[in-house]
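Examining the three-dimensional arrangement
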Amino acid sequence: MKSIRTRRLRRWGRAATVGAAGALLALTAATPAGAATAQPKTTGLTPAYDSPFAPQALVGGIFGGWPVTMRCWRDGAWANGTNRWFLVEGGGYDPYSGRPAYVRGFVSANKITNQVKVDRCR
């Protein structure tokens, strides 16, 4: 017959194993399955402007399907069925030289998929 001490140690060992497995499950369940892929992207080749208001100056173009960083939003001129614009940053091209460049500018909200919540631009 096993001693009481041995049985208690085994019971505590099983409880610790179950607790550790539960903690691991809780951590993995807390993160959405598609979190790594649900990144804001452009729907196609997207022009970026210096302002959401008319008249606007083209500051560059963001490549289609490329991930962007959304900074803030602002309501402005109507384009693509909306007057909401996002200030975004991402890979694109310089409109004057045609060379690849890092672009920061306002993009129509309908040109961004997987939008994330951002504050209003100040």
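Located above this text is the structure these notes cover.
Structure report, in brief.

Reading guide: rules and limits
Residues numbered from 1 in each chain as written. Predicted model: local features only at pLDDT ≥ 70, side-chain atom pairs only at ≥ 80, totals over all residues. Heavy atoms only, no water. Disulfide = S-S within 2.5 Å. Helix = DSSP H or I, 4+ residues; strand = E, 2+ residues; numbered from the N terminus. Buried < 20%, exposed > 50% of the residue type's maximum accessible area, 1.4 Å probe, protein only. Pairing = 2+ DSSP bridges. Salt bridge = Lys/Arg side-chain N within 4 Å of Asp/Glu carboxyl O. Phe/Tyr/Trp six-rings, centres within 6.5 Å; stacked < 30°, edge-to-face > 60°. Core = buried A, V, L, I, M, F, W, Y, C linked by side-chain atoms within 4.5 Å. Contact = heavy atoms within 4.5 Å.

Some remarks on the state of the cysteines
- Under the counting rule described, the total for this entry stands at 1 disulfide.
- Bridging C72 to C121, the disulfide has an S-S length of 1.9 Å. With the S-S dihedral at roughly 90°, the linkage between C72 and C121 falls on the right-handed side. One end of the pair, C72, is in strand β4 (residues 68–79); the other, C121, is in the segment after β7 (112–113), with 49 residues separating them in the sequence. Of the two residues, C72 and C121, both sit in the buried class.

Examining the pairing of strand β6 (residues 100–108)
- Where strand β5 (residues 82–93) meets β6, 9 bridges bridge the pair, whose relative direction is antiparallel. Among the inter-strand pairings, Y93 is bridged to a residue of β6, identified as P100.
- The antiparallel pairing of β5 with β6 creates a hairpin that spans 6 residues between the two strands, and G98 there sits at a positive phi of about 80°.

Digging into the pattern of salt bridges
- What the rule picks out here adds up to 3 salt bridges.
- One salt bridge in this structure joins R84 and D75, with 2.6 Å as the shortest N-O distance.
- Overall, D75 belongs to the partly exposed group, its relative accessible area being 29%.
- In this structure, the salt-bridge partner of E89 is R104, at a minimum N-O distance of 2.2 Å. Here R104 lies in strand β6 and E89 lies in strand β5, a separation of 15 residues in the sequence.
- Since its relative accessible area comes to 8%, E89 is described here as buried.

Quick notes on the packing of aromatic side chains
- Tallied over the full model, the rule gives 3 aromatic pairs.
- Ring geometry for Y49 against W85: centres 6.1 Å apart, planes inclined by 80°, an arrangement best described as edge-to-face. Pair noted here: Y49 is in strand β2 (residues 46–49) and W85 is in strand β5, with a separation of 36 residues, a long-range link.
- On the numbers, 6.4 Å between centres and 35° between planes, the contact of F63 with Y93 is tilted. Of this pair, F63 sits in the loop between β3 (58–62) and β4 while Y93 sits in strand β5; the two residues are 30 residues apart in sequence, bridging distant segments of the chain.
- Residue classification places F63 among the partly exposed residues on the basis of a relative accessible area of 26%.
- The structure contains a cluster of three or more aromatic residues connected by ring pairs, namely F63, W66 and Y93.

Details of the nonpolar core
- Within the largest apolar cluster, 12 residues are counted, these being A48, I62, V68, M70, W73, F86, V88, V103, V107, A109, I112 and V118.
- Those elements that provide at least two residues to this core are β4, β5 and β6.
- In terms of residue count, β4 provides more of this core than any other element does, 3 residues in total.
- Beyond its immediate sequence surroundings of up to four residues, A48 is in contact with A57, L58, V59, G60, G61, V103, G105, F106 and V107.

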